[in-house]
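Secondary and tertiary structure notes
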Amino acid sequence: MRVFIGKVRETDMGFSSAIFKSEVFGELWLGENGLEGDEQASTKVHGGPERALLQYSSLHYDWFKRRYPEKETMFSPALFGENLSDARWHEKNVCIGDIFRWGDAVIQVSQPRSPCYKLTRRTECDAMALVMQQQARCGWLYRVLQTGTVGASMPFRFQERVSGVTIHEIMSVMFGTETGKPSMNPDDWQALSETKGLSPRWQNTLRKRVESGQIESWDARLLGTGIS
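Residues numbered from 1 in each chain as written. Predicted model: local features only at pLDDT ≥ 70, side-chain atom pairs only at ≥ 80, totals over all residues. Heavy atoms only, no water.

**Focus: the pattern of salt bridges**
One pass over the full model with this rule turns up eight salt bridges. Residues Lys65 and Asp62 are paired through a salt bridge, measuring 4.0 Å at the closest nitrogen-oxygen approach. In this pair, Lys65 and Asp62 both sit in helix α1 (residues 60-67), three residues apart, roughly one turn of the helix. For Lys65, a relative accessible area of 28% puts it in the partly exposed group. The exposure class assigned to Asp62 is partly exposed, which follows from its relative accessible area of 44%. Its salt-bridge partner being Asp98, residue Arg161 comes within 2.7 Å of it at the nearest N-O pair. Remark: Asp98 occurs in the loop between β8 (84-86) and β9 (99-102) and Arg161 occurs in the loop between β13 (156-160) and α4 (167-175); sequence separation between them is 63 residues. (Salt bridge = Lys/Arg side-chain N within 4 Å of Asp/Glu carboxyl O. Helix = DSSP H or I, 4+ residues; strand = E, 2+ residues; numbered from the N terminus. Buried < 20%, exposed > 50% of the residue type's maximum accessible area, 1.4 Å probe, protein only.)

Structure representation (structure tokens):
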């Protein structure tokens, strides 16, 4: 397991961000809001108890190198602002609600990461956020069930599965993996909203779909529409 943290700083991308992270090798305290020394610039959409840690599969970087060969040297762990990088876990073998023990702490998968326009600006690759969403190469977030001391050299072990709904599956229903066409079946939305371990934010989005019969706009998140 590789571990990364970062402080909020001004960027030349038009916004402040903590997406630029550095690798750490020693022990850290993991609190309910994340790792000691790690920050989030936009706390409305990043961080907090349901989004305390971001993990991203290191396997994806080779895929991005093939898709964007002119920028292959850029694609390496921490590019997308992840805290945790590992080749063992990915969107097809991690489920909502999965519980892991890391060092002295216990963490639980709460939701997929929702890629945003900042990743596109960070990489300067056209539609990067949309590509990550459609390919379900998005990563996932954790809540902290038990705080404690953690570190890159400390064991990171799967402990319990509570839902059986993979990150890839929920992304497919929500956003339409590869096709870009999400499910329009309210029964799918209702079933997902009841997934054990799913964050309240994602539950609410799914319930709104059921009530309205419509899918929310993604333009602000993916394109930065209306955001300076």
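Don't stop here, the text continues.
**Some thoughts on the packing of aromatic side chains**
Evaluation of the coordinates by the stated rule reveals 15 aromatic pairs. Put simply, the rings of Tyr56, Tyr61, Trp63, Phe64, Tyr68, Phe75 and Phe80 touch in pairs and so form one group of aromatic residues. The ring of Phe20 carries the charged tip of Arg9 above its face, separated from the ring centre by 4.1 Å. (Phe/Tyr/Trp six-rings, centres within 6.5 Å; stacked < 30°, edge-to-face > 60°. Lys NZ or Arg CZ within 6 Å of the ring centre and 35° of its normal.)

**Quick look at the sheet that holds strand β12 (residues 148-151)**
The three strands are arranged β6-β5-β12 in an open sheet whose pairing can be described as antiparallel. What marks the edges here is a single partner per strand, and that holds for β6 (34-35) and β12. (Pairing = 2+ DSSP bridges.)

**What to know about the packing of helix α5 (residues 186-193) against helix α6 (residues 200-212)**
α6 packs onto α5 with a crossing angle of 155 degrees between their chain directions and a minimal axis gap of 9 Å. The orientation of α5 with respect to α6, classified from their angle, is roughly antiparallel. For the crossing formed where α5 meets α6, the hand is left-handed. Contacts between α5 and α6 involve Pro186, Trp189, Gln190, Leu192 and Ser193 from the first element and Gln203, Leu206, Arg207, Arg209 and Val210 from the second. Residue composition of the contact of α5 with α6, by class: five nonpolar, three polar and two charged. (Axes fitted to C-alpha atoms, helices over the stretch in contact; angles between N-to-C directions. Parallel < 35°, antiparallel > 145°, perpendicular 65-115°, else oblique. Left-handed = near helix turned anticlockwise from the far one by under 90°. Contact = heavy atoms within 4.5 Å. Nonpolar A, V, L, I, M, F, W, Y, C, P; charged D, E, K, R; others polar.)

**Some points on α1**
Residues His60, Tyr61, Trp63 and Phe64 constitute the buried set of α1. Each buried residue of α1 sits inside an arc of 155 degrees when the element is viewed along its axis, so together they form one side. The inward-facing, buried residues of α1 abut β7 (53-57) and α3 (128-135). (Arc of directions from axis to C-beta.)

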